[in-house]
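Take a look at the letters that make up each chain.
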Amino acid sequence: MERIFKTINLLIILLFFCHAASAQQEIFLYGTKDTSGPSITVWLPEGTSEVKKAVIVCPGGGYGTLVIDREGHTIAKEFNKLGIAAFVLKYRLPDRTKNTDQSLYPLQDVQTAIKMVRQRAKEWKIDPGKIGIMGFSAGGHLASTAGTHYHEPAIEADGISLRPDFMILVYPVISFMDAFGHTGSRKNLIGESASREKVLMFSNDLHVDNTTPPTFLTHGTNDAVVKVANSLAFYQALIQNNVSAELHIYADGHHGYPQSPPFEEWFGRCTYWLKKL
């Protein structure tokens, strides 16, 4: 009898781990199993067969690293609790030691992720018209690049729309201009000696038009790393182009939101906005 119980317990444990593995599948964007390659980790909510919204999450890190747990997988779990599918993007970081222009690598990766999720929307029970993008800090820059540069694809679109249906930008880098742009992200993505043309290209508030996706922004006034002017400029550009936008500025909100505002505060406002879309 004891042996039977041990066998049953082992089967339960194996079933649990098999379910967990299937719920969080990592898919390499370009078909390689090289762990350094770009990928998306699939987070699907349990116990629902309904067609759902999806969010592709871009972690921050100044285009020099990826804060993939706190600004990726942790967020994906919270979306799953709400019945929303999430895909955590591990995008390529430009190697400035190489004598090649790698500034389009992150954009290529995020556009490939959007294309893949849209292609497999039926399989994952996702509404192909409700696939959005979320980004933190430099990941916010990448997300806003995806939302303002889809007119000129960096990949072969194959007739699939690369436009995110909505954007969620959390203390985002928006501009590479000297006035309030984030110099660290600019240096890592396009280099210290980048042309003015390239600086303008990646200053995303300058590329908003009336087809830019609806956007939620949140930022802290006392953010000493990425100036709040980034979010203000993007919000102003959205409003000027009659794009639906919501902006939440916190008086106390250091970069990364380490203590204030509480997660439940800003994420609650984000998900309330998301439910209305």
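About the criteria used
Residues numbered from 1 in each chain as written. Predicted model: local features only at pLDDT ≥ 70, side-chain atom pairs only at ≥ 80, totals over all residues. Heavy atoms only, no water. Pairing = 2+ DSSP bridges. Helix = DSSP H or I, 4+ residues; strand = E, 2+ residues; numbered from the N terminus. Right-handed = clockwise from strand over helix to strand, strands pointing away. Axes fitted to C-alpha atoms, helices over the stretch in contact; angles between N-to-C directions. Parallel < 35°, antiparallel > 145°, perpendicular 65-115°, else oblique. Left-handed = near helix turned anticlockwise from the far one by under 90°. Contact = heavy atoms within 4.5 Å. Phe/Tyr/Trp six-rings, centres within 6.5 Å; stacked < 30°, edge-to-face > 60°. Buried < 20%, exposed > 50% of the residue type's maximum accessible area, 1.4 Å probe, protein only. Salt bridge = Lys/Arg side-chain N within 4 Å of Asp/Glu carboxyl O.

### A closer look at the pairing of strand E8 (residues 245-250)
In this sheet, E8 lies alongside strand E7 (residues 215-220) in parallel orientation, the contact comprising six bridges. Along E8, the bridge assignment pairs histidine 219 with isoleucine 249. Taken together, E7, helix H7 (residues 229-240) and E8 form a β-α-β motif whose crossover is right-handed.

### A look at the packing of helix H2 (residues 69-81) against helix H8 (residues 263-275)
Packed helices, taken two at a time, are described by the angle between their axes plus the distance between the axes. Interaxial distance between H2 and H8 falls to 12 Å at its minimum, and their mutual angle equals 55°. As far as their axial angle goes, H8 and H2 are oblique. Two packed elements cross with a definite hand, and for H2 against H8 that hand is right-handed. Here H2 contributes Ile75, Glu78 and Phe79 to the contact with H8, which in turn contributes Phe263, Trp266, Phe267 and Leu274.

### Concerning the environment of serine 203
Inspection of the secondary structure puts serine 203 in the loop between helix H6 (196-201) and E7. For the pair serine 203 and threonine 145, spaced 58 residues apart in sequence, the C-alpha to C-alpha distance is 8.5 Å. Excluding residues that lie within four positions of it along the chain, serine 203 makes contacts with Ile174, Ser175, Phe176 and Met177.

### Details of the packing of aromatic side chains
In total, this model carries 14 aromatic pairs according to the counting rule given. Ring geometry for phenylalanine 166 versus tryptophan 273: centroids 6.3 Å apart, planes at 75°, classification edge-to-face. Separated by 107 residues along the polypeptide, phenylalanine 166 in the loop between helix H4 (138-148) and strand E6 (167-170) and tryptophan 273 in helix H8 bring together distant segments of the chain. Phenylalanine 166 gets classed as buried once you look at its relative accessible area, which sits at 2%. Both rings, one in phenylalanine 176 and one in phenylalanine 202, keep their centres 6.2 Å apart while their planes meet at 35°; by these two values the pair is tilted. Here phenylalanine 176 is found in the loop between E6 and helix H5 (183-190), whereas its partner phenylalanine 202 is found in the loop between H6 and E7, with 26 residues between them in sequence.

### Observations concerning the pattern of salt bridges
Under the definition given, this model contains 12 salt bridges. Salt-bridge contacts for glutamate 78 lead to lysine 81; the nearest nitrogen and oxygen are separated by 3.1 Å. Of this pair, glutamate 78 and lysine 81 both sit in helix H2, separated by three residues, roughly a single helical turn. Classification of glutamate 78 as partly exposed rests on a relative accessible area of 21%. Salt-bridge contacts for aspartate 158 lead to lysine 115; the nearest nitrogen and oxygen are separated by 2.6 Å. Of this pair, aspartate 158 sits in the loop between H4 and E6 while lysine 115 sits in helix H3 (residues 105-119), and the two are 43 residues apart along the sequence. If you follow the salt bridges from partner to partner, you end up with Arg118, Arg163 and Asp165 in one network.

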